[in-house]
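# Notes for the structure review
Here are the chains, one letter per residue:
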Amino acid sequence: MLKETFRFGWNSPMVAGQIILWAFILGLSLITALFLRFSSLETSSLPTITFCINAISLLSAGFISGKRSGKKGWYYGGLQGIVYTLFIWLIAFLAFDTGLRVDPLVFGIFAFGIGALGGIFGVNTAR
């Protein structure tokens, strides 16, 4: 089972999910930045927009992982959330010198849940 989880290549559920996750994060963040610059969108709504971007990205990554795996969608989708959370924690620790707080732990639980939900949807749409 562990060998299936970490197989490499484009057919890997983990690789495909991470590519989709980061493509959505970058694309939706760029669209948000353009809206902030060229419209009357206020920066006070940025936390809500950021939460929505994360949720959409994690749901999509979980969906693709579950669809690629064909089984255990919650497992592969949840792993997408865990990997994403660990990467965000690493960036926060190295770039911003933040310590361990409760907020990232809650984010990690929600990321696992949203990714797992996407994986459940994805595995049920597989061939």
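Here's what I pulled together on the structure shown here. All figures in this text were calculated on a predicted structure; none of them were measured in a lab.

What counts, and where the lines are drawn
- Residues numbered from 1 in each chain as written.
- Predicted model: local features only at pLDDT ≥ 70, side-chain atom pairs only at ≥ 80, totals over all residues.
- Heavy atoms only, no water.
- Helix = DSSP H or I, 4+ residues; strand = E, 2+ residues; numbered from the N terminus.
- Buried < 20%, exposed > 50% of the residue type's maximum accessible area, 1.4 Å probe, protein only.
- Contact = heavy atoms within 4.5 Å.
- Core = buried A, V, L, I, M, F, W, Y, C linked by side-chain atoms within 4.5 Å.
- Expected span 1.5 Å × (residues − 1).
- Phe/Tyr/Trp six-rings, centres within 6.5 Å; stacked < 30°, edge-to-face > 60°.

### Notes on the overall build of the protein chain
Helices and strands together make up the secondary structure of the protein chain, namely five helices and zero strands. In sequence order, the secondary structure elements of the protein chain are arranged as α-α-α-α-α. Residues counted as buried form 32% of the 127 residues belonging to the protein chain. Considering only contacts within the protein chain whose residues lie at least 6 apart along the sequence, 76% involve residues at least 24 apart.

### Regarding the nonpolar core
Membership of the largest hydrophobic core is limited to nine residues, which are L21, I25, I53, A55, L58, A61, Y84, A111 and I114. Secondary structure elements with two or more residues in this core: α2 (13–38), α3 (46–69) and α5 (102–123). For this core, the element with the most residues is α3, which contributes four residues. Those residues within four positions of A111 in sequence are excluded, and the remaining contacts are L58, G81 and T85.

### Details of the environment of N124
On the secondary structure map, N124 appears in the segment after α5. Expressed as a C-alpha distance, the spacing of N124 and G66, which sit 58 residues apart in the sequence, is 8.1 Å.

### A short note on α3
Look at α3: 34 Å from first C-alpha to last across 24 residues, which is about the 34 Å you get at 1.5 Å a residue. If you check which residues of α3 are buried, you get I53, N54, A55, S57, L58, S60, A61, G62, S65, G66 and S69.

### Side note on the packing of aromatic side chains
Taken as a whole, this structure holds five aromatic pairs when the rule is applied. Between W22 and F87, the aromatic rings sit 5.1 Å apart at their centres with planes inclined by 75°, giving edge-to-face as the arrangement. With W22 in helix α2 and F87 in helix α4 (residues 73–96), this residue pair connects regions lying 65 residues apart in the sequence. Of the residues examined, W22 reaches a relative accessible area of 25% and is grouped as partly exposed. Counting every residue linked through ring pairs, the aromatic cluster contains W22, Y84, F87 and F107.

### Describing the side chain of S69
Note that S69 resides in helix α3. Beyond its immediate sequence surroundings of up to four residues, S69 is in contact with P13 and Y76.

Everything listed is a geometric property; what it means functionally is a separate question.
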